[in-house]
Amino acid sequence: SILAGFRRVLRGVADGDVLLDQDFNIVGSQNTLRRLVESDMSDFSHSRDASFVELLSAADRPKFLHFVSASASGDISPSS
């Protein structure tokens with residue numbers, strides 16, 4: 001599929017990847033995410049209930065959510 005191909009390319013140029021659903025819950029394998037955050041993530045399951053946003057610091061959560069919102073609306077510039 002196109003998504004699988006894109007993820008293979010992304011893995012070649014990035015340290016890792018994580019697939020999120022529309023609610024920012026982690027979908028699928030968390031192996032590369034575990035390596036990135038260097039923790040066992042024992043509090044996070046492989047279910048759709050594992051929230052990526054919970055891994056961010058309280059200060060970074062609003063920045064991340066703003067970035068994603070702006071990206072989805074096409075209203076992002078290099079200075080955002």
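(A) Up close: unusual backbone geometry. Here the phi dihedral of F24 falls at roughly 65°; this positive angle occurs in a residue that is not glycine. Relative to the assigned elements, F24 resides in the loop between β1 (19-20) and β2 (26-27).

(B) Just the packing of aromatic side chains, in detail. In this structure the tally under the stated criterion is two aromatic pairs. Both rings, one in F24 and one in F64, keep their centres 5.5 Å apart while their planes meet at 70°; by these two values the pair is edge-to-face. You can see F24 sitting in the loop between β1 and β2 and its partner F64 sitting in helix α3 (residues 60-73), a full 40 residues away along the chain. We note that F24, like F64, is buried.

(C) Summary view of the pattern of salt bridges. Taken as a whole and judged by the stated rule, the model has one salt bridge. Of the charged contacts, one joins D60 and K63 as a salt bridge, the two residues approaching to 3.6 Å between their closest N and O atoms. A residue pair is termed a helical-turn pair when its members lie 3 or 4 positions apart in one helix, as D60 and K63 do in helix α3 at three residues.

Reading the values: rules and limits
Residues numbered from 1 in each chain as written. Predicted model: local features only at pLDDT ≥ 70, side-chain atom pairs only at ≥ 80, totals over all residues. Heavy atoms only, no water. Helix = DSSP H or I, 4+ residues; strand = E, 2+ residues; numbered from the N terminus. Phe/Tyr/Trp six-rings, centres within 6.5 Å; stacked < 30°, edge-to-face > 60°. Buried < 20%, exposed > 50% of the residue type's maximum accessible area, 1.4 Å probe, protein only. Salt bridge = Lys/Arg side-chain N within 4 Å of Asp/Glu carboxyl O.

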